[in-house]
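Notes for the structure review
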Amino acid sequence: METKRLTLKAPSLDDLDNLTLLRTTPEVMRYVGDGKIQTKEKIKELLKINIAYYQKHGIGLLCVFEKKDGEFVGLAGLLHDDFDDS
């Protein structure tokens, strides 16, 4: 999926390093969940859940990159209201 300035792609395990940088940054995480940074193990677990969710439903959190330089800028997407997919 693309916009004029961004590329959005389905998550994969290749995104772990980008997500780790994002989710271990206190300035970012203060706006996410309980506001605490996450461990790499927790981030990998959540990434695997997101991958499975996207494969099952065709929606989920997508990894967002700038078109001009391919820089990772974050996550965006749609989830079902309850997100508990167990």
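Residues numbered from 1 in each chain as written. Predicted model: local features only at pLDDT ≥ 70, side-chain atom pairs only at ≥ 80, totals over all residues. Heavy atoms only, no water.

**Comments concerning the confidence of the model for the protein chain**
What counts is decided by this rule: Residue-level confidence of the predictor is what pLDDT reports, using numbers from 0 through 100. Secondary structure elements follow DSSP: runs of H or I no shorter than four residues count as helices, runs of E no shorter than two count as strands, and numbering proceeds from the N terminus.
Confidence in the prediction for the protein chain averages 92 pLDDT; 95% of positions are at 70 or higher. By mean pLDDT, the top-scoring element of the protein chain is strand β1 (residues 6–9) (97), and the lowest-scoring one is helix α2 (residues 26–29) (92).

**Concerning the nonpolar core**
Buried together is how nonpolar side chains tend to be arranged in soluble globular proteins. Applicable threshold: Remark: nonpolar core denotes a set of buried residues (Ala, Val, Leu, Ile, Met, Phe, Trp, Tyr, Cys) joined through side-chain atoms within 4.5 Å. Three labels apply to residues, based on accessible area from a 1.4 Å probe with only protein chains included: buried if under 20% of the type maximum, exposed if over 50%, partly exposed otherwise in between. Only heavy atoms enter the contact rule, under which two residues are in contact if any of them lie within 4.5 Å.
Residues L16, L19, I43, L47, I51, C63, F65 and F72 constitute the largest nonpolar core, which totals 8 residues. For this core, the secondary structure elements donating two or more residues are α1 (16–23), α3 (40–57) and β2 (61–66). For this core, the element with the most residues is α3, which contributes 3 residues. For I43, the residues in contact, after removing those within four places along its chain, are L16, L19, T20, R23, T24 and Q38.

**So, the pairing of strand β3 (residues 72–77)**
Note the following rule: At least two DSSP bridges between two strands are needed for those strands to be called paired.
Where β2 meets β3, 5 bridges bridge the pair, whose relative direction is antiparallel. When the sheet's bridge partners are listed, F65 is paired in β3 with F72. In textbook terms, the turn of a hairpin is the stretch between consecutive antiparallel strands, and for β2 and β3 this stretch comprises 5 residues, one of which, G70, has a positive phi near 75°.

**A word on the sheet that holds β1**
Applied cut-off: Here the axes come from fitting lines to C-alpha atoms, over the contacting stretch only for helices, and the angles between their N-to-C directions go from 0 to 180 degrees.
One open sheet accounts for 3 strands, arranged β1-β2-β3; its pairing is antiparallel. On the outer flanks of this sheet lie β1 and β3, each paired with one strand and no other. Averaged over neighbouring strand pairs, the angle between their axes works out to 30° when direction is ignored. Where α1 meets the sheet, it contacts β2 and β3, and its direction lies at approximately 90° from that of β3.

**Some words on the pattern of salt bridges**
Note the threshold: Within this document, salt bridges are pairs made up of a side-chain nitrogen of Lys or Arg and a carboxyl oxygen of Asp or Glu, the two lying within 4 Å of each other.
Taken as a whole and assessed by the stated rule, the structure comprises 5 salt bridges. With a shortest N-O distance of 3.1 Å, E2 and K67 are connected by a salt bridge. Within this pair, whereas E2 is found in the segment before β1, its partner K67 is found in the loop between β2 and β3, the two being separated by 65 residues in sequence. When its relative accessible area of 58% is taken as the criterion, E2 is described as exposed. Salt-bridge contacts for D17 lead to K40; the nearest nitrogen and oxygen are separated by 3.3 Å. Residue D17 is found in helix α1, and its partner K40 is found in helix α3; the two are separated by 23 residues along the sequence.

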